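Here is how the chains run, residue by residue.
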Amino acid sequence: MATEGQKVVLITGCSSGIGLAIAVMLARDEMKRYYVIGTMRDLKRKDKLVEAAGGAYGKTLSLLTLDVCCDESVKQCVDSIRDRHIDILINNAGVGLVGPVEGLSMDEMMKVFETNFFGAIRMIKEVMPDMKRRRSGHIIVISSAMGLQGVVFNDVYSASKFAIEGFCESLAIQLLKFNIIVSMIEPGPVHTEFEMKMFADVSKKEYAGTDPETLHHFRTCYLPSAMNIFQSLGQTPEHIAKCTKKVMESPRPPFRNLTNPLYTPIVALKYADETGNLSVHTFYHLLYNFGGLMHISLSILKCLSCGCLRRRAISPT
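A quick note: this is a predicted structure, and the numbers were derived from the prediction, not measured. (Residues numbered from 1 in each chain as written. Predicted model: local features only at pLDDT ≥ 70, side-chain atom pairs only at ≥ 80, totals over all residues. Heavy atoms only, no water.)

S.K.: Got a minute to help me understand helix α8 (residues 237–248) in this structure?
M.R.: Residues spaced three or four apart along an α-helix point in a common direction, a consequence of the helix completing one turn every 3.6 residues. Over its twelve residues, α8 extends 16 Å from the first C-alpha to the last, a length consistent with the 16 Å expected when each residue adds 1.5 Å. By the burial criterion, the buried members of α8 are P237, I240, A241, T244, K245, V247 and M248. Buried residues of α8 fall within an arc of 160 degrees about the axis and therefore sit on the same side. Pointing more than 90 degrees away from the buried face of α8 are the exposed residues K242 and K246. (Helix = DSSP H or I, 4+ residues; strand = E, 2+ residues; numbered from the N terminus. Expected span 1.5 Å × (residues − 1). Buried < 20%, exposed > 50% of the residue type's maximum accessible area, 1.4 Å probe, protein only. Arc of directions from axis to C-beta.)

Written out as structure tokens, the structure reads:
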């Protein structure tokens, strides 16, 4: 149970990856400013979180069952919290989907939207009225750089993130009237077990109904480039957790928060040309015509990024 002065933080999708990292980092806050309620669909998967939390489990961290795709589960979870009091809601639960659209079923596509879009909305709808009454609260959504720039063969996943970005951008305006802040956390590639398993699975999948040429482009152009991007530019869940914590503790939390500065020029490219042709054609050429150059460019960016980080570490403050 939260003590006086602690902020109650509810986080969805805490069994692994980003959700687990955020829950552990906040629960182990040295000043014990947060009481974290980590949630997951099946508490049988709690072992990793409990182990990582160490002595914080049972003190500044508790666990509840929650399925963001179920109205009743969402209500029961929030009702079980003392006075339904949640200071910070972190919508992290999400699923991915990669592959040619022709080879994806409608059920697969709807599952992505049910979790990434409607799941976040269920949580917001349940928590928001109490925040409005208190005229206080912070709603955080773990979105994606793909919610700002579409990526080939990630059509449905990107669409779900574009949808939640638009929803929250609209909602953020009226919630300011109630002193409620909305923030989007927008990672690029993140090294998690989920992503690695996904790449392994999609490389074997047949994608029935997809023409041979598209399958060839997916397997020989996209997949090698995507794996190279993850290896070159990928961040850790702990890095995303640090970015999230920084946003939470900011006196004026920004609405949009790209966690990887190397993605800033990619997003800027999109808005540099109102027709959209510049970004579409640039990514087309990078994928299909300059595959080797893309790999070299990623290596250079990685080296430059490491150099910048080293300079920051040794420069005087």
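S.K.: Would you mind showing me how to read the pairing of strand β6 (residues 180–186) here?
M.R.: Taken residue by residue, a regular strand's side chains alternate between the two faces of the sheet. In terms of burial, β6 is a largely internal element, six of the seven residues being buried. With six bridges joining them, strand β5 (residues 137–142) and β6 adopt parallel strand pairing. Note that in β6 the partner of H138 across the bridge is I181. The parallel pair β5 and β6 is bridged by helix α5 (residues 155–175), and the resulting crossover is right-handed. Alignment of β6 against strand β7 (residues 256–258), held across three bridges, turns out to be parallel. When the sheet's bridge partners are listed, E186 is paired in β7 with L258. (Pairing = 2+ DSSP bridges. Right-handed = clockwise from strand over helix to strand, strands pointing away.)

S.K.: How should I be thinking about unusual backbone geometry in this particular structure?
M.R.: Its identity as a non-glycine residue notwithstanding, D83 has a phi of 60 degrees, on the positive side. Inspection of the secondary structure assignment puts D83 in the loop between α3 (71–79) and β4 (88–91). By relative accessible area, which is 68% here, D83 ends up exposed. With phi around 50 degrees, R135 is a residue other than glycine that occupies positive phi space.

S.K.: Help me out: how do you make sense of the packing of helix α1 (residues 17–27) against α8 in this one?
M.R.: When two helices pack together, their arrangement is given by the angle between their axes and by how far apart the axes lie. One can describe the packing of α1 onto α8 by two numbers: an axis separation of 8 Å at closest approach and a directional angle of 55 degrees. If you check the angle between α1 and α8, you find them oblique. Remark: the crossing between α1 and α8 carries right-handed chirality. Taking contact as the criterion, the partners of G17, I18, A21, I22, M25 and L26 in α1 are, on α8, P237, E238, I240, A241, K242, T244, K245 and M248. Across the contact of α1 with α8, the residue classes break down as nine nonpolar, two polar and three charged. (Axes fitted to C-alpha atoms, helices over the stretch in contact; angles between N-to-C directions. Parallel < 35°, antiparallel > 145°, perpendicular 65-115°, else oblique. Left-handed = near helix turned anticlockwise from the far one by under 90°. Contact = heavy atoms within 4.5 Å. Nonpolar A, V, L, I, M, F, W, Y, C, P; charged D, E, K, R; others polar.)

S.K.: Teacher, can you tell me more about helix α4 (residues 106–134) here?
M.R.: Its 29 residues place the ends of α4 41 Å apart at the C-alpha level, agreeing with the 42 Å of an ideal helix rising 1.5 Å per residue. Of all bends in α4, the biggest is about 40 degrees, found at F118. (Bend = angle between axes of the 7 residues up to and from the residue.)

S.K.: Hey, could you run me through the packing of α3 against α4 in this one?
M.R.: Two elements in contact, α3 and α4, have axes whose closest approach is 10 Å; the angle formed by their N-to-C orientations is 40 degrees. One element, α3, and the other, α4, form an angle in the oblique class. Two packed elements cross with a definite hand, and for α3 against α4 that hand is right-handed. Of α4, the residues touching α3 (which contributes D71, V74, K75 and V78) are R122, M123, E126 and V127. A per-class count over the contact of α3 with α4 returns four nonpolar, no polar and four charged.

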